[in-house]
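Take a look at the letters that make up each chain.
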Amino acid sequence: MKLLDKLFSMYQPPKVEGKGFILALGGGGGRGLAHLGVLDVLEEHKLRPDAIVGSSIGALFGAMYAIEPDAKKVIKHAISILSSQAFSRLGLPNIKDADVQDTSWLSRLTAAARQSILYTRAATDRSVADTGALIEVAETFCGGESFSDAKIPLYITAVHFPSGECHLFSLDNDVKLAWAIAASMAIPGVFDPVLVAGEKFVDGGVAAELPAKEAKMVAKANELVLAVNVGARPRPDVEPTNVYGMLDWATQIKALYLRRSKREFCDVLIEPLVGYTQWHDFTNPEQEIQKGRDAALEKMPELIAKLAA
């Protein structure tokens, strides 16, 4: 190893004194793997949030880090779970055409059959995936701990069903952490509402996909809001081909403008380049994590300057 490389590898960024910050981790399914890269970079710069506010997948990874504030361990644990049997039980739906990479008649027939079943369930049921498995995954990721076990104060968004009111779970609520996380990730139409303390809740991302406003509510006078946006963007070169595709497109557009409206509550906004990753795609965790690292590194000078101001 060259001397310069050796010196660089030994360099430890100085701890920033002054203001603190609340970390707001947004929803986005598989795109949320980028949160892990952001947490890794913050840790490398000795920046630890005073509290974490998470929506949907941001609630899951935020809870993991709040309980075990060691980004490398959290990343290793998350990647191992993504290949586990418990995670595969989720059966995340993919309303797409048959896999074009495999053009055999049997594969196309099988894919068509799966889609027919999915469309039928979508028309006759309230959900198409296993909500029990969602709770199991939340327990597996976080170990079944309660809010009191978090070393960093943790807040989790969820939307009350059917009133639509946005709720913030925390240590102040006598609820199980895994249930709060599952509720925050329970995408309407995919999962059934999750029963928490006798009330039903769905995905926090419905009302707070980027929970910057909620983070600002939690923040004290000397605390900034650092938000991480991993929301979807519609591809400019792809047009929906069916009703489900059109509904998904409309939802993406609404969410895009809702996230933009939350920017006014952010002091620093990190936006990893994950917008075109499908929400159900967890197949390339290292790639998505690296996107989070890249985006966070780009924003570190701004964050450090504002914290020191």
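Shown above is the structure to which this text applies.
Residues numbered from 1 in each chain as written. Predicted model: local features only at pLDDT ≥ 70, side-chain atom pairs only at ≥ 80, totals over all residues. Heavy atoms only, no water.

Can you tell me about the overall build of the protein chain, naming the residues and giving the values?
Across its full length, the protein chain carries twelve helices and eight strands. Looking at the 309 residues of the protein chain, the share that counts as buried comes to 47%. Excluding contacts between residues fewer than 6 apart, the proportion of contacts in the protein chain whose partners are at least 24 apart in sequence is 77%. Carbon and sulfur atoms form 56% of the exposed surface of the protein chain, whose accessible area is close to 15800 Å². (Helix = DSSP H or I, 4+ residues; strand = E, 2+ residues; numbered from the N terminus. Buried < 20%, exposed > 50% of the residue type's maximum accessible area, 1.4 Å probe, protein only. Contact = heavy atoms within 4.5 Å. Areas by Shrake-Rupley, 256 points an atom, 1.4 Å probe, with all protein chains shown as cover.)

Quick rundown of the packing of helix 2 (residues 34–44) against helix 3 (residues 57–67)? Include the residues and the values.
Here helix 2 crosses helix 3 at 35°, and the two axes come no closer than 10 Å. Here helix 2 and helix 3 pass one another in a crossing that is right-handed. Contacts between helix 2 and helix 3 involve His-35, Leu-36, Leu-39 and Glu-43 on the former and, on the latter, Ile-57, Gly-58, Phe-61 and Tyr-65. Its residues assigned to classes, the contact of helix 2 with helix 3 shows five nonpolar, two polar and one charged. (Axes fitted to C-alpha atoms, helices over the stretch in contact; angles between N-to-C directions. Left-handed = near helix turned anticlockwise from the far one by under 90°. Nonpolar A, V, L, I, M, F, W, Y, C, P; charged D, E, K, R; others polar.)

Tell me what's going on with helix 12 (residues 285–308), and back it up with residues and numbers.
Count 3.6 residues to each turn of an α-helix, and residues three or four apart come out pointing the same way. Given a rise of 1.5 Å per residue, 24 residues ought to cover 34 Å, and the 33 Å separating the end C-alpha atoms of helix 12 matches this to within 8%. The largest bend in helix 12 comes to about 45°, at Lys-299, with the proline Pro-301 one to four residues further on. Among all positions of helix 12, only Pro-285, Glu-288, Ile-289, Gly-292, Arg-293, Ala-295, Ala-296, Met-300, Leu-303 and Leu-307 are buried. Its buried side turned inward, helix 12 meets strand 1 (20–25), helix 2, helix 4 (71–82), strand 7 (223–228) and strand 8 (268–270). (Expected span 1.5 Å × (residues − 1). Bend = angle between axes of the 7 residues up to and from the residue.)

Can you lay out the packing of aromatic side chains for me, pointing to particular residues and giving the numbers?
Two aromatic rings are characterised by how far apart their centres lie and by the angle between their planes. If you walk through the whole model with that rule in mind, you get two aromatic pairs. Between the aromatic rings of Phe-61 and Phe-141, the centroid separation amounts to 6.2 Å while the plane-to-plane angle is 65°, which identifies the pairing as edge-to-face. Taken together, the residues span a long stretch of sequence, with Phe-61 in helix 3 and Phe-141 in helix 7 (residues 131–142) at a distance of 80 residues. Judged by centre distance (5.0 Å) and plane angle (70°), the rings of Phe-169 and Phe-201 are edge-to-face. Within this pair, whereas Phe-169 is found in strand 4 (residues 166–169), its partner Phe-201 is found in strand 6 (residues 199–203), the two being separated by 32 residues in sequence. (Phe/Tyr/Trp six-rings, centres within 6.5 Å; stacked < 30°, edge-to-face > 60°.)

Describe in detail the environment of Phe-141, supporting the description with residues and values.
Given the relative accessible area of 4%, Phe-141 is considered buried. Separated by 78 residues in the primary sequence, Phe-141 and Ala-63 have C-alpha atoms spaced 8.9 Å apart.

Mind laying out the pairing of strand 7, listing which residues take part and the relevant values?
The element strand 7 is largely enclosed, with a buried count of six among its six residues. Going residue by residue along strand 7, you find Glu-223, Val-225 and Ala-227 tucked away on one face and Leu-224, Leu-226 and Val-228 tucked away on the opposite face as well. As defined by bridge partners, strand 1 adjoins strand 7 across six bridges and the pair is classed as parallel. Across the sheet, residue Leu-25 finds its bridge partner in strand 7, namely Val-228. Strand direction decides the pairing type here: strand 7 and strand 8, joined by three bridges, are parallel. If you follow Ala-227 over to strand 8, its bridge partner there is Leu-269. (Pairing = 2+ DSSP bridges.)

I'd love a proper account of the environment of Met-185, names of residues and values included.
Take Met-185: it is sitting in helix 8 (residues 177–185). For Met-185 and Leu-60, which are 125 residues apart along the polypeptide, the C-alpha to C-alpha distance reads 8.1 Å.

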